[in-house]
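The primary structure of each chain is shown beneath.
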Amino acid sequence: MMRIGIDLGGTKIEGLALADDGRELERRRIPAPRGRYDDSIRAVADLVFAIEATVNGRGSIGVGIPGAISPATGLIKNANSTWLNGHHLADDLSAAIGRPVRLANDANCFTLSEATDGAAAGAPVVFGVIIGTGTGGGLVVNGRIVVGANAIAGEWGHNPLPAPEDDERPGPPCYCGRSGCIETFLSGPALARDYIALGGDDLSAADVAERAAAGDSRAMKCLERYERRFARAIASIINVVDPDVIVMGGGLSNLARLYERVPAMWAPYVFSDRVDTRLVRAKHGDASGVRGAAWLWPPATSS
Ligand SMILES: [Zn+2]
């Protein structure tokens, strides 16, 4: 069985075909028709047909989107590609392509990819976090995405930062209307802002990490503070979901020191005498979104 995955982003649309064993057969990327819904439908359908012509096969279709399907109405909501909101996207894609189409949030697709044949392969409970300009998340249990009653399962970024210290209250204002959200402390821009607050230059998160590795004490202080916050934020997830694996993607997942230092800090905040949860970096990197979309048609279970 061939699977086609589509990552319907705001600036580009990526598509790939996966063989049954997860091997990549073909991958293509086109610019997204920004702002135009009907053209977006047409572009996805044409991309599917072009991929199928190249590999000379027909696949199942899964699509990752930067938003959610409202369980109440079936319409797209919360997409920052706002021209998708309020539409019956799955039905319209299905009509254009001529077969059933499965849709899921892109962070959920990321988590599904890593849980299927990535860094969390075989783990029963997987929590995925994507930290870049924002803080997304997804939850996969026994190889299936947990969507939730409001289609927000895994969205940890707009919870308040747990156990805030005096200088973390009320915390920075967030676009969601509250202050002190996890995202305002852990996103890439938040880390850069914190380095400036400590008297440092305006640098990217990667550059702050480079300075810390070179022994810059201000950068080290900034990253230690970041890691303590990360540990508190993720410990509250461990207490509720108790994942076997937390898999990290997005730009900040390239900070190699996080995978040792954050687990070394989270124990005091986890309600357990020991913590066996593993924090790992995504195996498929940026390709996980589009791979997870393909895996919306899951592998046959052999049991
Ligand atoms: Zn918020």
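Procedures and definitions
- Residues numbered from 1 in each chain as written.
- Predicted model: local features only at pLDDT ≥ 70, side-chain atom pairs only at ≥ 80, totals over all residues.
- Heavy atoms only, no water.
- Salt bridge = Lys/Arg side-chain N within 4 Å of Asp/Glu carboxyl O.
- Helix = DSSP H or I, 4+ residues; strand = E, 2+ residues; numbered from the N terminus.
- Buried < 20%, exposed > 50% of the residue type's maximum accessible area, 1.4 Å probe, protein only.
- Pairing = 2+ DSSP bridges.
- Axes fitted to C-alpha atoms, helices over the stretch in contact; angles between N-to-C directions.
- Contact = heavy atoms within 4.5 Å.
- Arc of directions from axis to C-beta.
- Donors = N, O, S within 2.8 Å, 3.2 Å for Na, K, Ca; no water.
- Tetrahedral: all angles 85-135°; square planar, octahedral: opposite > 155°, others 65-115°.
- Polar contact = N/O pair within 3.5 Å; in protein donor to acceptor, adjacent residues only side chain to side chain.
- Phe/Tyr/Trp six-rings, centres within 6.5 Å; stacked < 30°, edge-to-face > 60°.
- Lys NZ or Arg CZ within 6 Å of the ring centre and 35° of its normal.

**Student:** Looking at this model, I keep getting lost on the pattern of salt bridges. Mind explaining?
**Tutor:** Between side chains of opposite charge, a pair can form when the charged atoms approach closely. In this structure the tally under the stated criterion is 24 salt bridges. The salt bridge involving arginine 29 is made with glutamate 14; its shortest N-O contact spans 3.4 Å. Here the residue arginine 29 occupies a position in strand S3 (residues 24-31), and glutamate 14 occupies one in strand S2 (residues 12-18), the gap between them amounting to 15 residues. Residues arginine 229 and glutamate 168 are paired through a salt bridge, measuring 2.8 Å at the closest nitrogen-oxygen approach. Of this pair, arginine 229 sits in helix H7 (residues 217-241) while glutamate 168 is found in the loop between strand S10 (144-145) and helix H4 (183-186), placing the two residues 61 residues apart along the sequence. In this structure, arginine 229 and glutamate 168 share a single accessibility class: buried. In the salt-bridge network here, residues are joined through shared partners; they are Glu165, Asp167, Glu168, Asp194, Arg225, Arg229 and Arg232.

**Student:** Teacher, can you tell me more about the sheet that holds strand S7 (residues 101-105) here?
**Tutor:** Strand pairing in a sheet takes place through backbone hydrogen bonds and is either antiparallel or parallel in direction. Taking strand neighbours across the sheet as the criterion, the five strands line up as S3-S2-S1-S4-S7 in an open arrangement whose pairing is mixed. In this open sheet, the two edge strands, each paired with only one partner strand, are S3 and S7. Each strand of the sheet is rotated relative to its neighbour by a mean of 20°, with strand direction disregarded. Bridge analysis of strand S4 (residues 59-65) against S7 gives five bridges, and the strand direction is parallel. Each bridged residue has a counterpart across the sheet, and for isoleucine 65 the counterpart in S7 is asparagine 105. Sheet strands touched by helix H1 (residues 37-55): strand S1 (2-8), S2, S3 and S4. Its angle to S3, the strand with the most contacts, is close to 150°. Packing against the sheet, helix H2 (residues 89-97) makes contact with S1, S4 and S7, and its axis sits at approximately 145° to S7.

**Student:** Could you clarify how one ought to interpret helix H6 (residues 205-213) in this entry?
**Tutor:** An α-helical turn contains 3.6 residues, so any two residues separated by three or four positions project in the same direction. Those residues of H6 that sit buried are Ala205, Val208, Ala209 and Ala212. Taken end-on, H6 shows its buried residues confined to a sector of 100°, consistent with a single buried face. Buried residues in H6 make contact with helix H5 (188-197) and H7.

**Student:** How should the coordination of the zinc ion be read in this particular structure?
**Tutor:** Any two of four tetrahedral donors ideally make an angle of 109.5 degrees at the metal, while pairs among six octahedral donors ideally make 90 or 180 degrees. Coordination sphere of the zinc ion, protein contribution only: His158 (ND1), Cys174 (SG), Cys176 (SG) and Cys181 (SG), at 2.1 to 2.3 Å. Seen from the zinc ion, its four donor atoms lie at angles of 102 to 120°, and the figure they make is tetrahedral. The sequence pattern describing where the donors of the zinc ion fall on their chain is H-x15-C-x1-C-x4-C. Pair noted here: histidine 158 is in the loop between S10 and H4 and cysteine 181 is in the loop between S10 and H4, with a separation of 23 residues, a long-range link.

**Student:** For this particular structure, what's the right way to read the side chain of arginine 3?
**Tutor:** Locating arginine 3 in the fold gives a position in strand S1. Separated by 2.5 Å, the side chain of arginine 3 and the backbone oxygen of tryptophan 297 make a polar contact. Leaving out residues up to four positions away in the same chain, arginine 3 has contacts with Leu16, Ala17, Leu18, Asp20, Ser60, Ala294, Trp295, Trp297, Pro298 and Pro299.

**Student:** Can you help me understand the sheet that holds strand S12 (residues 278-281) in this one?
**Tutor:** Taken together, the five strands give an open sheet; going across it, the order is S10-S9-S8-S11-S12, and neighbouring strands pair in mixed fashion. Pairing within the sheet leaves two strands with one partner each, and these edge strands are S10 and S12. The sheet contact formed by strand S8 (residues 125-131) and strand S11 (residues 245-249) spans five bridges and is parallel. Bridge assignment links isoleucine 130 to a residue of S11, and that residue is glycine 249. The strands that helix H3 (residues 106-117) touches are S8, strand S9 (135-141), S10 and S11; relative to S9, the one it contacts most, it runs at about 50°.

**Student:** I'm lost on the packing of aromatic side chains in this one. Help?
**Tutor:** To describe a pair of aromatic rings, one takes the distance between the centres and the angle between the planes. Taken as a whole and judged by the stated rule, the model has three aromatic pairs. Residues phenylalanine 127 and tryptophan 156 carry aromatic rings whose centres are separated by 6.4 Å and whose planes lie at 90° to one another, so their mutual orientation is edge-to-face. With phenylalanine 127 in strand S8 and tryptophan 156 in the loop between S10 and H4, this residue pair connects regions lying 29 residues apart in the sequence. We note that phenylalanine 127, like tryptophan 156, is buried. When the ring of tryptophan 156 is compared with that of phenylalanine 230, the centres are 6.3 Å apart and the planes differ by 45°; the resulting orientation is tilted. Of this pair, tryptophan 156 sits in the loop between S10 and H4 while phenylalanine 230 sits in helix H7, placing them 74 residues apart in sequence. Three or more aromatic residues joined by ring pairs make a cluster, and in this case those are Phe127, Trp156, Tyr226 and Phe230. Lying over the aromatic face of tryptophan 297, arginine 102 brings its terminal NZ or CZ to 3.5 Å of the ring centre.

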